[in-house]
Structures are given as structure tokens and as C-alpha cells.
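Okay, here's what each chain looks like letter by letter:
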Amino acid sequence: MIQKKLKGLSLQIIPYSEIEHLSIVERVKKLLDLILNNKIIILHGRLRPEEEARLIEDTMALVGHIKNFKGIELAVIEPDVYKANFFEKIKHGIAKSLIGNSVALTIIGPASVIKEIKRDPKRLELFLR
Amino acid sequence: MFQTLKNLTNKFFVLLFGRKKNIKIGFYGPPNAGKTSLANRICKDWTGEEMGIVSRIPHETRHVQFKEKVEIKHKGKTLLFKLVDTPGIATKIDYEDFLKFGIRKSDAKKRAKEATQGVIESIQWLDDMDAVVVVLDASENPYSQVNITIIGNLVARKIPILIAANKIDLKKADVKKIERAFPEYRVVGISAKDGTNMNEFYAALFEVAQKT
């Protein structure tokens, strides 16, 4: 009888406060260190666009240099502020400037573990390998 | 600050010579969205030459490529562009994906290595653009994080954006879905392959160029 071993799935939840004080280089390094340990990160908050770009750049620099590392899968879920009314937008803006974008959730994981993240405005589906 | 200075230089140039200097227009997007096909279409329309090689295999463009002094005319106005075609931006690259297209293992590995460098090159070129055409495949789901990251970075740099919803010749194409995903930006449905709707695209390109 062939038995398939189901490997454990390791999720790491990071509150925004844990990365808030870090520089862009340190933030990206912290996330990539966890990803290289095959962890799926759920970050309470979201990275700034330039941090996301840096994360992609640093990821690409590692692909081909670290065995079996093929890159990352990344998705952000956040309330649709475009459709919010004026006061909700103001409230969202103030909260964002005070405590960071903590209403958002970011999911990042190694592409060797996450096959695909399918996203539309209402749901997010995570497909594992 | 740099962007403001650049805008002032452009305006000064218009006053002095009656037309804008080479406006650097970047073609950005995920792999296989049709960036090079669109750049080729524009080049063919206005210079008679093509710009780069296209392929059904992802990451065909692995280095930034340029076409200088492309003069585009629209409704009696003329603008001079420098077209910058960039490699597709992706968060993962697996050489095994290329093997499915019949590529040898050593070539697939080489392609993957060059593709990772291409992604880095694309991102590093972002700062240098006057305006960007984000090319998306209208038959694919627009809500991918790569698309959102590209647009977010352009917004953060105050670079004017035009979204080209390409491949409207395909049955599955849904331009409205792209409009719903990015309601703040001008979206033009086109087919770079057969040239459908290119007049509307040029009109939108001129609007975006005026913002630089």
C-alpha cells in the first residue's frame, strides 16, 4: 500500500506592529526569511507599493540561487475604498496614517507551497501544491 | 520634486519648439499580456518597422528594449515618443513551465535566469518613465497582485497611466471586468494582433501624454 505523507502547513501571523519600525530592506528580509522556511505569512496590514516592488525584486534575485525556490505568491485583501462614501474614505485615510494599513490582510507564501492565489473583489482562493 | 521639474522642462520645450520632446512611454504588465505586440503595432503604424520578437512562450522579452523618435499624429497634433518595452513582471519563475513548450532543459534554465533579471530591470526602469501603458490580457482575471503592484507603484511615483485591455479578439475577453477592477483609470480595449480600436488607443495615449 502506498501511503502519501501529508506535510503540515505552517502559517505565520504577523501583526503590523511587528514590522512597523523596520526599514524597507529589513521588512523585505524578514518576510523572505520566513518564506524561505516554507512558511505562509498572513500579515495584518499591507506593504507600501514600493515595498511590494522591492519584495518582487529581491525574490527574483533569489530564484535560481536557492535550491527549489521558484518565487512567491502574494495577495492583499482590503475593503474597497473606491466604493466607500466620502466620510468612510476620510476615516480609512486617518486610520491608515495613524496605525498603518491595518484593515488589510496580506498573504505571502513560497510558490513551491502555494500553487495559485485566485482573487476577485469578493473572495480569495488559495490553491496549495 | 523630480517629476515636477521634468514636467516644467517638458512645458518649456513645448513653448520653445512647438512640440514635446521625446516622451518616454513604458509598456508594463504581466508576462504574455501583449506588451511587445502593442509596441510592435505602434511602431509598424508610425515607422513601418517592428520593435521586438513575440512568442506564445512567456518571458520572450527579457531585456528592456527601445524605439527612439516615434512620431505619432492624431487629429492634427504630433507628438514624439520614445517607446520602452519592458519584460513582464512576475512574482515566480519556474524553468519547468518552459519545458511544456518543448524547450530543452538547459535553454529553459537559461530563459528562467534571464527572465528573473528582466523582472528586476523592469522595476528599476519605473522611475525613468514619463507615462506608462499598463498592458493587460482582457481574457485573464485582472485582480492579480502583480497588476495591483504595478499600478500602485506608478501612482506612488505620480506617473500617468493608461490601461490597454489587450486581446479583445479573444472570445473570453472582458474589458468591462478590467474597467471594474481599475475604475480610476482610462481603459481602452484593443487587439494589438489585428489592430482593432487603435484609433481610440492613440486618442487616449495623447490624453495621457498631455499629463506628463
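That block above? That's the structure.
Residues numbered from 1 in each chain as written. Chains lettered and ligands numbered in written order. Predicted model: local features only at pLDDT ≥ 70, side-chain atom pairs only at ≥ 80, totals over all residues. Heavy atoms only, no water.

A.B. asks: Looking at this structure, I do not really get the overall build of chain B. What am I missing?
C.D. replies: Scanning chain B for helices and strands turns up seven helices and six strands. Going residue by residue from the N terminus, the α and β elements of chain B occur as α-β-α-β-β-α-α-β-α-β-α-β-α. Relative to the globule expectation of 17 Å for 212 residues, the C-alpha radius of gyration of chain B, 17 Å, shows essentially globular dimensions. Looking at chain B residue by residue over its 212 residues, the buried ones come to 52%. Pairs at least 24 apart in sequence give 70% of the contacts found in chain B among residues at least 6 apart. Surface exposure of chain B reaches about 10,100 Å², of which carbon and sulfur atoms provide 53%. (Helix = DSSP H or I, 4+ residues; strand = E, 2+ residues; numbered from the N terminus. Rg over C-alpha atoms; globule rule 2.2 N^0.38 Å. Buried < 20%, exposed > 50% of the residue type's maximum accessible area, 1.4 Å probe, protein only. Contact = heavy atoms within 4.5 Å. Areas by Shrake-Rupley, 256 points an atom, 1.4 Å probe, with all protein chains shown as cover.)

A.B. asks: Help me understand the sheet that holds strand β3 (residues 77-85) of chain B, please; the structure alone is not making it clear to me.
C.D. replies: Sheets are built from strands that pair by backbone hydrogen bonding, the pairs being arranged parallel or antiparallel. Residue and element names in this part refer to chain B. Taken together, the six strands give an open sheet; going across it, the order is β2-β3-β1-β4-β5-β6, and neighbouring strands pair in mixed fashion. Sheet topology places β2 (65-74) and β6 (187-189) at the edges, where each strand pairs with a single neighbour. On average, each strand axis in the sheet is tilted by 30° relative to the strand beside it, whichever way the strands run. Relative to the sheet, helix α2 (residues 35-47) contacts β1 (23-28), β2, β3, β4 (131-137) and β5 (161-166), its axis offset from that of β2 by approximately 55°. (Pairing = 2+ DSSP bridges. Axes fitted to C-alpha atoms, helices over the stretch in contact; angles between N-to-C directions.)

A.B. asks: Can you walk me through a nonpolar patch on the surface in this structure?
C.D. replies: Residues and elements named next belong to chain A. A surface patch of nonpolar side chains, about 340 Å² in accessible area, is lined by L9, L11, L126 and L128. Within the secondary structure, L9 is located in the segment before β1 (11-14). On the accessibility criterion, L9 (48% relative accessible area) is partly exposed. (Patch = residues over 30% accessible without salt bridge, like charges linked within 9 Å, V, L, I, M, F, W, Y side chains within 5 Å. Salt bridge = Lys/Arg side-chain N within 4 Å of Asp/Glu carboxyl O.)

A.B. asks: Honestly, helix α5 (residues 145-156) of chain B in this entry has me stumped. Any pointers?
C.D. replies: A turn of α-helix holds 3.6 residues, and therefore any two residues three or four places apart point the same way. Helix length check: α5 of chain B (twelve residues) gives 16 Å between terminal C-alpha atoms against 16 Å at 1.5 Å per residue, within 8%. Among the twelve residues in α5 of chain B, ten count as buried, and that is most of the element. Of all the positions in α5 of chain B, only Q145, V146, N147, I148, T149, I150, I151, G152, N153 and L154 of chain B are classed as buried. Against α3 (49-62), β3 (72-77) and β5 (114-119) of chain A together with β1, β4 and β5 of chain B lie the buried residues of α5 of chain B. Positive backbone phi, at 55°, marks K158 of chain B, one or two positions downstream of α5 of chain B. (Expected span 1.5 Å × (residues − 1).)

A.B. asks: Just to check I follow, could you spell out the interface of chain B and chain A for this structure?
C.D. replies: The parts lose accessible area when they come together, and the size of an interface is often stated as this lost area. Each side of the interface is counted separately: chain B has 22 residues, and chain A has 25 residues. Both sides together, the interface formed by chain B and chain A hides about 2,100 Å², and carbon and sulfur atoms give 60% of it. For the pair chain B and chain A, the interface holds two salt bridges. A salt bridge links D94 of chain B to K70 of chain A; the shortest N-O distance between them is 3.4 Å. Counting across the chain B and chain A interface gives eleven residue pairs in polar contact (both at pLDDT 80 or more). Among the elements of the structure, α4 (105-125) and α5 of chain B are those that each provide at least two residues to the side of chain B that touches chain A. Here the side of chain B that touches chain A gets six residues from one element, more than from any other, and that element is α5 of chain B. Of the residues that constitute the side of chain B that touches chain A, the class distribution is ten nonpolar, eight polar and four charged. (Buried area = accessible area lost by both parts, 1.4 Å probe. Polar contact = N/O pair within 3.5 Å; in protein donor to acceptor, adjacent residues only side chain to side chain. Nonpolar A, V, L, I, M, F, W, Y, C, P; charged D, E, K, R; others polar.)

A.B. asks: I'm lost on the packing of aromatic side chains in this one. Help?
C.D. replies: The geometry of an aromatic ring pair is captured by two quantities: the separation of the ring centres and the angle between the planes. Residue and element names in this part refer to chain B. According to the stated counting rule, one finds four aromatic pairs over all chains in the structure shown. Taken together, a centroid distance of 5.2 Å and an interplanar angle of 55° make the contact between F66 and W125 tilted. Pair noted here: F66 is in strand β2 and W125 is in helix α4, with a separation of 59 residues, a long-range link. One aromatic cluster is present, built from ring pairs that chain together W46, F201 and Y202. (Phe/Tyr/Trp six-rings, centres within 6.5 Å; stacked < 30°, edge-to-face > 60°.)

A.B. asks: Got a minute to help me understand the nonpolar core in this structure?
C.D. replies: In a soluble, globular protein the nonpolar side chains are often hidden away together inside. Of all hydrophobic cores here, the largest spans 56 residues; its most connected members are L55 of chain A together with I89, V134, L154, I163, I178 and F182 of chain B. With six residues, the single largest contributor to this core is α4 of chain B. Contacts of I163 of chain B, omitting those with residues within four sequence positions, involve V134, L136, I151, I178, F182, Y185, R186, V187 and V188 of chain B. In terms of nonpolar packing, the next biggest core, distinct from the first, is built from 30 residues, I23, A33, I42 and Y202 of chain B among them. (Core = buried A, V, L, I, M, F, W, Y, C linked by side-chain atoms within 4.5 Å.)

A.B. asks: What is the right way to read the packing of α2 of chain B against helix α7 (residues 198-210) of chain B from this model?
C.D. replies: Helix packing geometry: the angle between the two helix axes and the distance between the axes. All names here are of chain B. Taken N-terminus to C-terminus, the directions of α2 and α7 make an angle of 95°; their axes are 12 Å apart at the nearest point. It follows that α2 is roughly perpendicular to α7 by the angle criterion. Contact with α2, carried on its side by L38, R41, I42, D45 and W46, involves M198, F201 and Y202 of α7 and no other residues of that element. Classifying every residue of the contact of α2 with α7 by side-chain character gives six nonpolar, no polar and two charged. (Parallel < 35°, antiparallel > 145°, perpendicular 65-115°, else oblique.)

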